Amino acid sequence: MFRNNYDNDSVTFSPQGRIFQVEYAAEAVKQGSVVVGITSKKHVVLVALKRNAEELSSYQKKIFAIDEHAGIAIAGLTSDARVLSNFMKQQCLGHRLTYGRDLPVRMLVDMIGAKAQQNTQQYGKRPYGVGLLIAGVDEQGPHLFEFQPSGMTEEMVAFAIGARSQMARTYLEKNLELFADCSREELIAHGLKALKESLVQDRELTIENTSVGVTGFSKADDGSTKVEQFKVFDGQEVNAWIEGVADDKEAPAAEGESMEVDG
Amino acid sequence: MAMFSQNPVMNGPNYSFSDTPKVNAPEGARQHRFDPYTDNGGSTLAIAGKDFTIMAGDTRLTSGYSINSRYHPKVFKIGGTTADQKDASIVLSVVGFAADGEALKERLDAICKMYRYRHGKAMSVKACAQRLSTILYQKRFFPYYAYAILGGLDEEGNGAVYSYDPVGSYEREQCRAGGAAASLIMPFLDNQVNFKNQYVPGSGEGHALQERPRNPLSRSDVEILVKDAFDGAVERHIEVGDGLQMMVITKDGIEEILLPLKRD
Amino acid sequence: MDHRPQAWGRPRDDIYGAYDGSYLQTSGPKQSTQAPVVTGTSVVALKFKDGVVIAADNLASYGSLARFTNVKRLRVFLDSSVVGFGGDVSDMQYLDRHLNELAIDESYETTPSADHPSPGGTLNAANLHKYLQKLMYKRRNDFDPLWNQILVAGLDSGSKPFLASVDLRGTAFSSPSLASGFGAALAQPIMRKYAATEEDAARLSRDEAVQVVKECMKVLYYRDARSMDKYSIAVVTKDGVELKEDEQLEKQSWAFAERIRGYGTQTV
């Protein structure tokens, strides 16, 4: 029987020019439940579907705050994500200590990109088995980045990773033009709708399995713009948003836009 | 030796660099030796009440006879979730060498923030006080030249003040003054907060004298006490003045008050 | 007489005494900069309504010798901040190289966009000052200080005027007006007359502030023996930095000396 001889470590190319260990790590990302991220001109949101290992267990956290201005959503190995999350937290604290400002999001993403890439080029190391969506704001506005185990990072307007995320991406591609001018609430609604696309048959969004993370710019009392601290919303806090995108609520809205929404 | 070197022989005028006798100046006789410390003056004060703590400090920063800044805070909120310390519940005051004080504050704040991240709750004043002692002692042989006072509310909601020396010795107290005018303010506090040398009139003679009973001071009384203490210090100490910064810690949060002091 | 090339230009022992080579010793503890050598004197700076004025003369002294007379002690960072250096000039040049590197790294991190057309980076004066404070404090902790007193002028994250100082021990502070070295004694009283508080400074116009700073430079030249009449002056606003490095002090007059008792012509 055929046996692949080029997938024992992450430092050996196959004759076809592939590094199988890195590709397998990318598969681990697809095992994780789906997470969605969208940016507008003022905000960036992360929306995630949480899973419980069994009926009696709690749901695994999917969205984590990194710093005041940034957070991540994870798909894949949670323990690997924790290592990256701790690293990012430390970097943000260190940067704030030396420069007195939020770590620019691109710098932050470049750091984990470089860190993850090293694991794909040193013998005896294993790539991170997790993909991330990094959401954050800095002086240049809101940002959303995708991170892959290969060390690849890319800035996105909207994206989804994880199991069945293709359906969510299709939704995002269809509505791409709308996002830029969305309000905070509209952006969250789009995120949840995208998430719903990726649900398996007969599953629904509930307050138990839905998690939302938001950061962006808000108007302060004195009219100046302030950074809205990255916050993760769970449980009762997401109830109103879920009800807002419930199927029965969607029908009248669809009528107005004369658009047929598939139930 | 000199014959084989690049240098001329010893007879006649000599130009050698390496053969010259070394002038052995005694160690420490060097004209310039870098002194890593300076004293930036200023004074701090903390008083614990029944259900509140007031931390205060003047805002002058000096070096020698110069006033470097008229507004340089010495009292800091510590361990909030964010950099603006909106939800902080602990206050630290530092006085002595300003750069060490700043570094100490940032170390403690970073530690409190990591504690919050790991445990999902704020550090208690007691834990924070112990940790601050450790931080100071870690630099026992190159100390932070800073007199720190930590204030907050303990688990029962009572005012708590912890005071430190530069190498980490600490104790919990009712009140403490630190810095340049500590020796001026502390006796005043002994008398006005702990009622030292106050006796009940006509209660007897000599050892039979009855001490004035101690009762907790109200917040407004303490605020007046603090202002009076600093007005006195400003009058008698050149390194104290410009502004008075007060942090009042209650169960509802931290209130910051800025009052003017004499700028002469 | 020794005519061999290695003796050329060397002071003769029979005339000047033996050369003191003690500083050449290589054993013993590490010798880092323990004293400034070629130095710059005061830097003065003053905030005004929508920016900061900063000035320093162009002299680098070797002790009491006016050694280099065309040394620029104001350096521009990312077209948005100005750093003024007093103290050791070699340490200043080291810091300048270091800050240039930092500026280049920062520029790479920010891509030009519609909202931010210039690729300059987002590190403002407040950020830069914080960084320099950390750097200076680290060097003092290592007992290898950078022998400078530094003034940073620019804008903070709220686009308000920012002015702060940091010295060789990492002590950092901020004030509506700042002056290092002799300026702390001679220039600060003048500037504080015009801007005692932040509110006063926020009322000063640009022209007024420039005028006051020029006056300070003149007073410093009168009384600071390590100063010079050629100086640099920079104005930082949100529109950028206007730096002039070839200014000449004007309208100097010692007429005031007559009124000083024991100096002029009084007989009683």
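Rules used in this analysis
- Residues numbered from 1 in each chain as written.
- Chains lettered and ligands numbered in written order.
- Predicted model: local features only at pLDDT ≥ 70, side-chain atom pairs only at ≥ 80, totals over all residues.
- Heavy atoms only, no water.
- UniProt positions renumbered as here; feature names shortened; annotations may be inferred.
- Helix = DSSP H or I, 4+ residues; strand = E, 2+ residues; numbered from the N terminus.
- Buried < 20%, exposed > 50% of the residue type's maximum accessible area, 1.4 Å probe, protein only.
- Contact = heavy atoms within 4.5 Å.
- Areas by Shrake-Rupley, 256 points an atom, 1.4 Å probe, with all protein chains shown as cover.
- pLDDT = per-residue confidence, 0-100.
- Axes fitted to C-alpha atoms, helices over the stretch in contact; angles between N-to-C directions.
- Parallel < 35°, antiparallel > 145°, perpendicular 65-115°, else oblique.
- Left-handed = near helix turned anticlockwise from the far one by under 90°.
- Nonpolar A, V, L, I, M, F, W, Y, C, P; charged D, E, K, R; others polar.
- Pairing = 2+ DSSP bridges.
- Salt bridge = Lys/Arg side-chain N within 4 Å of Asp/Glu carboxyl O.
- Phe/Tyr/Trp six-rings, centres within 6.5 Å; stacked < 30°, edge-to-face > 60°.
- Lys NZ or Arg CZ within 6 Å of the ring centre and 35° of its normal.
- Buried area = accessible area lost by both parts, 1.4 Å probe.
- Polar contact = N/O pair within 3.5 Å; in protein donor to acceptor, adjacent residues only side chain to side chain.
- Patch = residues over 30% accessible without salt bridge, like charges linked within 9 Å, V, L, I, M, F, W, Y side chains within 5 Å.

Looking at an unreviewed UniProt entry, one finds chain B named Nucleophile aminohydrolase, with Podospora appendiculata as its source organism. Regarding chain B, the UniProt comment filed under Subcellular location (unreviewed entry) reads as follows: "Nucleus".

For chain A, the name recorded in an unreviewed UniProt entry is Proteasome subunit alpha type, with Podospora appendiculata as its organism. What the UniProt record of chain A gives under Subunit (unreviewed entry) is the line "The 26S proteasome consists of a 20S proteasome core and two 19S regulatory subunits."

Colleague: So what's going on with the overall build of chain B? Which residues, and what values?
Modeller: What chain B contains, in helices and strands, is four helices and 12 strands. Burial statistics for chain B: of 264 residues in total, 50% are counted as buried. Sequence-distant contacts in chain B: of pairs separated by 6 or more residues, those separated by 24 or more amount to 60%. For chain B, the accessible area works out to roughly 13400 Å², and carbon and sulfur atoms hold 52% of it.

Colleague: A description of the confidence of the model for chain A should follow, citing residues and the corresponding values.
Modeller: Summing up the model confidence of chain A, the mean pLDDT is 91 and the portion of residues at 70 or higher is 94%. Summarising per-element confidence for chain A, the mean pLDDT is lowest in helix H8 (residues 247-256) of chain A (52) and highest in strand S1 (residues 35-39) of chain A (98).

Colleague: Tell me what's going on with the packing of helix H2 (residues 78-99) of chain A against helix H1 (residues 98-119) of chain B, and back it up with residues and numbers.
Modeller: Where H2 of chain A contacts H1 of chain B, the two axes come as close as 12 Å, and the packing angle between them is 155°. Here H2 of chain A is positioned roughly antiparallel relative to H1 of chain B, judged by the angle of their axes. In terms of crossing hand, the pair formed by H2 of chain A and H1 of chain B is right-handed. Residues Ser85, Asn86, Lys89, Gln90, Leu93 and Leu97 of chain A of H2 of chain A touch H1 of chain B, and the partners they reach there are Glu106, Lys113, Met114, Tyr117 and Arg118 of chain B. Grouping the amino acids of the contact of H2 of chain A with H1 of chain B by side-chain chemistry returns four nonpolar, three polar and four charged.

Colleague: If you had to explain the sheet that holds strand S13 (residues 240-248) of chain C to someone new, which residues and values would you point to?
Modeller: Residue and element names in this part refer to chain C. With antiparallel pairing, the five strands of this open sheet are ordered in space as S11-S2-S3-S12-S13. Of all the strands in the sheet, the pair left with one neighbour each is strand S11 (177-179) and S13. Each strand of the sheet is rotated relative to its neighbour by a mean of 10°, with strand direction disregarded. With three bridges connecting them, strand S2 (residues 43-48) and S11 associate as antiparallel partners. Directly across from Val44, in S11, lies its bridge partner Ala179.

Colleague: So what's going on with the sheet that holds strand S10 (residues 225-233) of chain A? Which residues, and what values?
Modeller: Whenever strands of a sheet pair, they do so through backbone hydrogen bonds, lying parallel or antiparallel. All names here are of chain A. Spatially, S8-S1-S2-S9-S10 is the arrangement adopted by the five strands of the open sheet, whose pairing is antiparallel. Two strands lie at the open edges of the sheet, namely strand S8 (158-161) and S10, each paired on one side alone. Pairwise comparison of adjacent strand axes, ignoring direction, gives a mean angle of 10° for this sheet. Of the strand pairs in this sheet, S1 and strand S2 (residues 43-49) are connected by five bridges, and their pairing is antiparallel. The residue bridging Val35 from the neighbouring strand is Ala48, located in S2. Across the sheet, helix H4 (residues 165-174) touches S1 and S8, and the angle it forms with S8 is around 170°.

Colleague: So what about the pattern of salt bridges? Which residues, and what values?
Modeller: Inspection of the entire model under this criterion finds 38 salt bridges over all chains. Between Asp264 of chain B and Lys262 of chain B there is a salt bridge, with its nearest N and O atoms 3.8 Å apart. The class for Lys262 of chain B is partly exposed, based on a relative accessible area of 42%. Through salt bridges with shared partners, one network takes in Asp67, Glu68, Arg96 and Asp102 of chain A.

Colleague: I'd like a rundown of the packing of aromatic side chains, residues and numbers included.
Modeller: Under the counting rule described, the total for this entry stands at 15 aromatic pairs over all chains. Consider the rings of Tyr164 of chain B and Tyr170 of chain B, whose centres lie 5.2 Å apart with planes at 5°: the pair is stacked. Judged by relative accessible area, Tyr164 of chain B falls into the buried class, the value being 6%. Of the aromatic side chains, those joined through ring pairs into one cluster are Phe34, Tyr37, Phe97, Phe142, Tyr145 and Tyr147 of chain B together with Phe143 and Trp147 of chain C. Positioned above the aromatic ring of Phe87 of chain A is the side chain of Lys115 of chain A, whose terminal nitrogen or guanidinium carbon lies 4.5 Å from the ring centre. Stacked on the ring of Tyr37 of chain B, the Lys or Arg Arg140 of chain C has its end atom at 5.2 Å from the ring centre.

Colleague: For the interface of chain A and chain C, give the residues involved together with the corresponding values.
Modeller: In this assembly, 11 residues from chain A lie in contact with 13 residues from chain C. Across the interface of chain A and chain C, roughly 1200 Å² is buried in total on both sides, 48% from carbon and sulfur atoms. Between Arg101 of chain A and Glu106 of chain C there is a salt bridge, and its shortest N-O distance comes to 3.1 Å. Between chain A and chain C we count five residue pairs in polar contact (both at pLDDT 80 or more) in total. For the side of chain A that touches chain C, the secondary structure elements donating two or more residues are H2 and helix H3 (105-118) of chain A.

Colleague: Explain the confidence of the model for chain B residue by residue, including any values.
Modeller: Per-chain confidence: chain B averages 90 in pLDDT, with 88% of residues scoring 70 or above. This stretch, residues 15-21 of chain B, has a pLDDT under 50; its non-local contacts, to residues over four places away or in other chains, come to 19 contacts.

Colleague: Residue-level account of a nonpolar patch on the surface, with values.
Modeller: A grouping of Val37, Tyr62 and Leu65 of chain C is seen on the molecular surface, where their side chains present a nonpolar patch of about 290 Å² in accessible area. Here Val37 of chain C is to be found in the loop between helix H1 (13-16) and strand S1 (38-40).

Colleague: An account of the pairing of strand S3 (residues 51-57) of chain C is requested, with residue identities and associated values reported.
Modeller: In the case of a regular strand, side chains alternate between the two sheet surfaces. All names here are of chain C. Most of S3 sits inside the fold, with seven of its seven residues counted as buried. Where burial is concerned, the two faces of S3 agree: the one with Gly51, Val53, Ala55 and Asp57 and the one with Val52, Ile54 and Ala56 are both buried. Bridge count for S2 against S3 is six bridges, and the pairing is antiparallel. In the strand pairing of S3, Leu46 is matched with Val53. Adjacent in sequence and paired antiparallel, S2 and S3 are bridged by two residues. Relative to strand S12 (residues 230-237), S3 is paired through seven bridges, and the arrangement is antiparallel. Following the sheet pairing, Ile54 is matched in S12 by Ala234.

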